[in-house]
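# A structural walkthrough
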Amino acid sequence: MIILQSPRDALLNPLQSVSGIVERRHTLPILSNVLLEKEGDKLTLVATDIEVQITTISEKIGGDNDGSVTVAAKKLQDILRSLPESAQITLDLEEKRLLLKAGRSRFSLQTLPSKDFPRMSIAGGEEKTFTVTQKNFRQLIGKTQYAMAAQDVRYYLNGLMLLINGRELCCVATDSHRLAYNSMAIETDFPKQEMILPRKTVLELNHLLADNDEPLKISGGSNQIRFEFGNTVLISKLIDGKFPDYERVIPNNLANHMFADRQTLHTAMSRAAILTNEKFRGARIFLENNTLKIVAANAEQEEAQEEIEVEYSGAPLDVGFNVTYLLDVFNNLSGEKICWSFNDATSSALITVPDNERFKYVVMPMRI
């Protein structure tokens, strides 16, 4: 039974949109599969890992028969990628096999029943729904997501807090060594609500959202959040936990302020980072009289020194930082200048952008 006939990219592009959350090896084999549902001229693709589900639709699909099946997502994607862009694809469902044909190429893939595919249900209860542009939300999470923890036992740090407060939408991420905060205005006025998005959800959104002004509809409840954009819907469970009080972490009234060109500082820091200790990644920062010196060394007694001109007239300062934490923020900012504020060598430092009051980055010093 032929269920689908289409150009390669009409199948490959939506498959790439959903397959990012699929694990190659899973304790539940069907979770390594993608669900394909053909109805009329529409093909719906669904992938899930139980915590996150992505659904997308491809239209103007040929084929006389409707049908549904689940097949290994990574294998199907690899096959489609390996075929020529101009290839015409036919999917033929025969009992427990899916036959993919393209020109003289033939592939027979194992399938699992679509009725066994575990779809996430839409949670009931009250939801807060609002719309922003894909570009603005992508920038919001892009300037904070790198500060998320990866595998912390404090599970609530392995994600990003989305805070709705009045007409403001805030993002906060921290791994307890650094904290990134960013916010944007929204049109609807809501009472305060905190939602912690899993790390995987944030990374997928950062990958899937386009850098344009197309709408992104966000609907958040007590234990689930939904993102709708274009032909795609991403549903994610929320992390159940209490996020740290970020307002207490962001320092106020810092005494010393340094202004520098972001790109110049970034490239100097990148060069110095080459000779840092691979495990601790520490670099010392010396500040005095409009001069910033970066010194890095490693266990082989190799040393790098970089010196750049900055705007600084405060007290002389000698402080150590994890260079990775600094490169992360310089990589993800877009302003020409940054402001780096300090009190002393033992206190948290604050990095801001002079023309963007909504962004803040806190980083703890380290002993070197």
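Presented here is a report on the structure given in the accompanying data block.

We now examine the sheet that holds strand E6 (residues 88–94). Across a sheet, paired strands are connected by hydrogen bonds in the backbone, their directions being either parallel or antiparallel. In spatial order, the strands read E1-E6-E7-E8-E5-E2-E3-E4-E14-E13-E12-E9; together these 12 strands make up an open sheet with antiparallel pairing. Only two strands of the sheet have a single partner each, and these edge strands are strand E1 (2–7) and strand E9 (128–133). Strand-to-strand, the axes of this sheet are offset by a mean angle of 25 degrees, without reference to chain direction. Across 6 bridges, the pairing between strand E3 (residues 42–48) and strand E4 (residues 52–58) is antiparallel. Its bridge partner being in E4, Ala47 is matched across the sheet by Ile54. Helix H2 (residues 73–82) contacts strand E2 (33–39), strand E5 (67–72), E6, strand E7 (97–102) and strand E8 (105–112) of the sheet and is inclined by roughly 90 degrees relative to E5. Contacts from helix H4 (residues 199–208) reach E4, strand E13 (224–229) and strand E14 (232–237) within the one sheet, and its direction differs from that of E14 by about 165 degrees.

On to the pairing of strand E19 (residues 317–322), then. Along any regular strand the residues' side chains alternate between the sheet's two faces. Most of E19 is tucked away, with 5 of its 6 residues classed as buried. Across 6 bridges, the pairing between strand E16 (residues 282–288) and E19 is antiparallel. Its bridge partner lying in E19, Ile285 is registered against Val319.

On inspection of all chains with the given rule, the structure shows 18 salt bridges. Linking Lys115 and Asp116 is a salt bridge whose minimum nitrogen-to-oxygen distance equals 3.5 Å. Looking at Lys115, the relative accessible area reads 70%, which means it is exposed. Given a relative accessible area of 42%, Asp116 falls into the partly exposed group. For Glu311, the salt bridge identified is with Lys337, shortest N-O distance 2.4 Å. With Glu311 in the loop between strand E18 (303–309) and E19 and Lys337 in strand E20 (residues 337–342), the pair connects residues that are 26 residues apart, well separated along the chain.

Each value, and the rule that gives it
- Residues numbered from 1 in each chain as written.
- Predicted model: local features only at pLDDT ≥ 70, side-chain atom pairs only at ≥ 80, totals over all residues.
- Heavy atoms only, no water.
- Pairing = 2+ DSSP bridges.
- Helix = DSSP H or I, 4+ residues; strand = E, 2+ residues; numbered from the N terminus.
- Axes fitted to C-alpha atoms, helices over the stretch in contact; angles between N-to-C directions.
- Contact = heavy atoms within 4.5 Å.
- Buried < 20%, exposed > 50% of the residue type's maximum accessible area, 1.4 Å probe, protein only.
- Salt bridge = Lys/Arg side-chain N within 4 Å of Asp/Glu carboxyl O.

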